[in-house]
Amino acid sequence: MKTLQGILGMAIWTAVVAVVLYFCKAHDNYDQFGWAVLIGFVLLVTHVVNMVIYFKVAGKQPYKWFK
């Protein structure tokens, strides 16, 4: 159950970041160098935060679906 909660937390965080990027019109400006670097950094931070969320929620037993 913890695995599913971790995945849900990651999905919520990713959705929040996607909405913020959408409202900042990042999809219209990705071809500009400054925007591309900023978007890439935001996506990298999103990935790292997703990993932190997952391992904080799932604890020391990730991927353990059945006991």
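Look up: the structure comes first, before these words.
Criteria and cut-off values
The residue count restarts for each chain, going from 1 along the sequence in the order it is written. Under the rules for a predicted model, residues below a pLDDT of 70 receive no local features and side-chain atom pairs below 80 are neither given nor counted, while totals for whole chains, interfaces and linings still include all residues. Values shown for side chains rest on all heavy atoms present in the structure; no hydrogens or waters enter the calculation. Only DSSP runs of H or I reaching four residues or more are called helices, and only runs of E reaching two or more are called strands; each is numbered from the N terminus. A simple rule labels every residue: compare its accessible area, found with a 1.4 Å probe on the protein chains alone, to the largest value its type can have, and call it buried under 20%, exposed over 50%, or partly exposed in between. Only heavy atoms matter for contacts: two residues are in contact if any of them lie within 4.5 Å across the pair. Expected helix span is taken as 1.5 Å per residue step, with the number of steps being one fewer than the number of residues. Polar contact criterion, stated in full: a pair of N or O atoms within 3.5 Å, where within protein one must be able to donate a hydrogen and the other to accept it, and residues adjacent in sequence count only if both atoms are side-chain atoms.

## Regarding the environment of W13
Item 1. Relative to the helices and strands, W13 resides in helix α1 (residues 2-23).
Item 2. Among the residues examined, W13 registers a relative accessible area of 29% and is labelled partly exposed.
Item 3. Those residues in contact with W13 that sit more than four places away from it in its chain are T46, V49, N50 and I53.

## Some details on the environment of V42
Item 1. Structurally, V42 can be placed in helix α2 (residues 33-58).
Item 2. Distance from V42 to V17, taken between C-alpha atoms, is 8.2 Å for residues 25 residues apart in sequence.
Item 3. Excluding anything up to four places from it in sequence, V42 contacts V17 and L21.

## Structural notes on α2
Item 1. For α2, built from 26 residues, the straight-helix expectation of 38 Å at 1.5 Å per residue is met to within 8% by its first-to-last C-alpha distance of 37 Å.
Item 2. Listed in full, the buried residues belonging to α2 are I39, T46, N50, Y54 and A58.
Item 3. Next to the buried residues of α2 lie α1.
Item 4. After α2 finishes, the residue G59 shows a positive phi value of roughly 75 degrees.

## Focus on the side chain of T46
Item 1. Checked against the element boundaries, T46 lands in helix α2.
Item 2. In this structure T46 comes out as buried when scored by relative accessible area, which is 7%.
Item 3. A distance of 2.7 Å separates a polar side-chain atom of T46 from the backbone oxygen of V42.
Item 4. In contact with T46, other than residues within four places in its own chain, are W13, T14 and V17.

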